[in-house]
Amino acid sequence: MSQRVLTTESGAPVADNQNSATAGVGGPILLQDQHLLEKLARFNRERIPERVVHAHGSGAYGHFEVTDDVTAYTRAAFLSEVGKKTELFLRFSTVADSLGGADAVRDPRGFAVKFYTEEGNYDLVGNNTPVFFIQDPVKFPDFIHSQKRDPFTGKQEADNVWDFWAHSPEATHQVTWLFGDRGIPASYRHMNGYGSHTYQWTNGAGEAFFVKYHFKTDQGVRSLSAEQAAELAGTDPHSHQTDLLQSIERGVTPSWTLYVQIMPAAEAADYRFNPFDLTKVWPHADYPLQRVGRLVLDRNPDNVFAEVEQAAFSPNNFVPGIGPSPDKMLQGRLFAYADAHRYRLGVNHTQLPVNAPKAAPADNYGRDGFMATRNGSRHDRNYEPNSYSGPRQTDAPLSAPLAIHGWTGTHAAPEHAKDDHFFQAGELYRLMSAAERARLVSNIAGSLSQVSRDDVVEKCLAHFAAADAEYGRRVEEAVHALRAD
């Protein structure tokens, strides 16, 4: 095999990559040293803006195999027959921390799947919790600001974190998840994933259903205590990345079984909870889990930057048979996710290999912009309609239409019969064992006791008491004991 030749970006061979050109031996460096200048200039530009949220992540390739017939509910081609396999890429992440953060921290985990289907890419963007902190996207920037670094101290502040939650009682359910046993997964392999949002499926007859996705880990759920996590974050900050990488390299391929909850669209209006409220779950007694298939990860990326850092997901990437619901948080993310990647990676980020459709070529009239690689030829037109052979619309909607009514305005979400901010948080607390409750109370108290304002502490304690009287009393006693020390 012949020796590869080192070249400049323009392809010219590099004569010396160890010494820069100087004016004589020991003299100053020459401006004409094109290789040196190009190398330093390129190095200065190696980093792109990190994600505001979900910055620190890992990923792997794999496939999804259908195990159960769901064609009565959706006409999506990749779910059309038992045994069908679809290639995918899955990115895990922490949410609040920066790119250099540790893996073993108390934080929700992103669980984003890109299915490379024959009808285009389908992105299912979720978390390892079935609920979230807020109901409306207009609150999202404020929520994230409260969880990220304080502008003055440069670090996360308990005062900010709990002050926002004190004024957002709808967060009580997710806070109970976050400070419970599953708040710190032992690894990415040992946690569940959820679509979290409510989505719409449409079958071949045009019938609409609302669905929630549940990816149940086949490895079993395993989590870390606060003490175990603190030790692990110090000894191996990249513990989850290491575990995922090494397990796949050893051939121990992690897998998840996908289940869905299915609600006929006509039942949504009168359901006891608002089915489009991201802070609430659908109890399984109402809508049981129905198995769909199995997700397997079996190949590590060759380059973390190119395939994990540059991976771009948007919940607006639907395929025929799958669409959005009136979930307000989902509606906001339909715009925000794709726009974040237009900022980070450029308008042509969908042409990068990890993001480009693999089983269905993209064919549209988008042109130009930074790093455009698919711009057409002299025979192509960049407008539509045209008299030539350019791509044309199908006139077949991807999903069923959503009925709307009423006046425009900044409305609060509609309330259903059992809607409040605390009932489901209390139900979750009452499902826990005695040991789980004790750890939950200890975790919350350890964080809430750091808050300096008494009024913020009292507001938060009232939320836990509203969820469950015992829950509130135990957190209050633990917080007061810690603040008295």
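The structure displayed is predicted, hence computed values, not measured ones.

1. Some thoughts on the packing of aromatic side chains
Taken as a whole, this structure holds 34 aromatic pairs when the rule is applied. On the numbers, 5.6 Å between centres and 80 degrees between planes, the contact of Phe 92 with Phe 111 is edge-to-face. Taken together, the residues Phe 92 in strand S2 (residues 85-94) and Phe 111 in strand S3 (residues 109-117) connect sequence positions 19 residues apart. Assessed through its relative accessible area of 0%, Phe 92 is described here as buried. Of the residues examined, Phe 111 reaches a relative accessible area of 2% and is grouped as buried.

2. Observations regarding empty space enclosed by the protein
Per the stated rule, a full pass over the model turns up five cavities of 30 Å³ or more. A volume near 110 Å³ is recorded for the largest cavity. If you go around the largest cavity, you meet 13 residues; those closest to its centre are His 54, Asn 127, Phe 132, Arg 333 and Tyr 337. Ranked by residues supplied to the lining of the largest cavity, first place goes to strand S4 (residues 120-127) with three residues. Partitioned by chemical class, the residues of the lining of the largest cavity number six nonpolar, six polar and one charged. Its volume calculated, the second largest cavity comes out at about 70 Å³. As for the second largest cavity, its lining consists of Asn 128, Trp 177, Arg 182, Pro 185, His 190, Met 191, Asn 192, Tyr 194, Val 221, Arg 222 and Ser 223.

3. Focus on the packing of helix H2 (residues 140-147) against helix H3 (residues 158-166)
Two numbers describe how H2 lies on H3: the axes approach to 7 Å, and their chain directions differ by 145 degrees. On H3, the residues touching Asp 142, Phe 143, Ser 146 and Gln 147 of H2 are Asn 160, Val 161, Phe 164 and Trp 165. By residue class, the composition of the contact of H2 with H3 is four nonpolar, three polar and one charged.

4. Some details on helix H11 (residues 454-467)
Across its 14 residues, H11 extends 20 Å between first and last C-alpha, which sits within 8% of the 20 Å expected from 1.5 Å per residue. Listing the buried residues of H11 in full gives Val 456, Val 457, Cys 460, Leu 461, His 463, Phe 464 and Ala 467. Here the buried residues of H11 occupy an arc of 150 degrees about the axis, which is enough to place them on one side. Considering only its buried residues, H11 is in contact with H3, helix H4 (172-178), helix H9 (423-431), helix H10 (434-448) and helix H12 (469-484).

5. A word on unusual backbone geometry
Omega for the peptide link from Glu 384 to Pro 385 comes to 5 degrees, which places this bond in the cis form. Structurally, Pro 385 can be placed in the loop between helix H8 (328-344) and H9. We note that Asp 368 has phi near 65 degrees; this positive angle belongs to a residue other than glycine. One can find Asp 368 in the loop between H8 and H9. On the basis of relative accessibility, which here comes to 47%, the residue Asp 368 falls in the partly exposed class.

6. Here we look at the pattern of salt bridges
Applying the stated criterion across every chain, the model contains 23 salt bridges. Glu 470 is paired through a salt bridge with Arg 474; the nearest N and O atoms lie 3.6 Å apart. Linking Glu 470 with Arg 474, this pair stays in helix H12, spanning four residues, or about one helical turn. On the basis of relative accessibility, which here comes to 27%, the residue Glu 470 falls in the partly exposed class.

Conventions and cut-offs
Residues numbered from 1 in each chain as written. Predicted model: local features only at pLDDT ≥ 70, side-chain atom pairs only at ≥ 80, totals over all residues. Heavy atoms only, no water. Phe/Tyr/Trp six-rings, centres within 6.5 Å; stacked < 30°, edge-to-face > 60°. Helix = DSSP H or I, 4+ residues; strand = E, 2+ residues; numbered from the N terminus. Buried < 20%, exposed > 50% of the residue type's maximum accessible area, 1.4 Å probe, protein only. 1 Å grid on protein atoms, 1.4 Å probe; cavity = no way out; pocket = protein on both sides within 12 Å on 5 of 7 lines; lining within 4 Å. Points joined across faces, edges and corners; volume = space filled by probe spheres on them. Nonpolar A, V, L, I, M, F, W, Y, C, P; charged D, E, K, R; others polar. Axes fitted to C-alpha atoms, helices over the stretch in contact; angles between N-to-C directions. Contact = heavy atoms within 4.5 Å. Expected span 1.5 Å × (residues − 1). Arc of directions from axis to C-beta. Salt bridge = Lys/Arg side-chain N within 4 Å of Asp/Glu carboxyl O.

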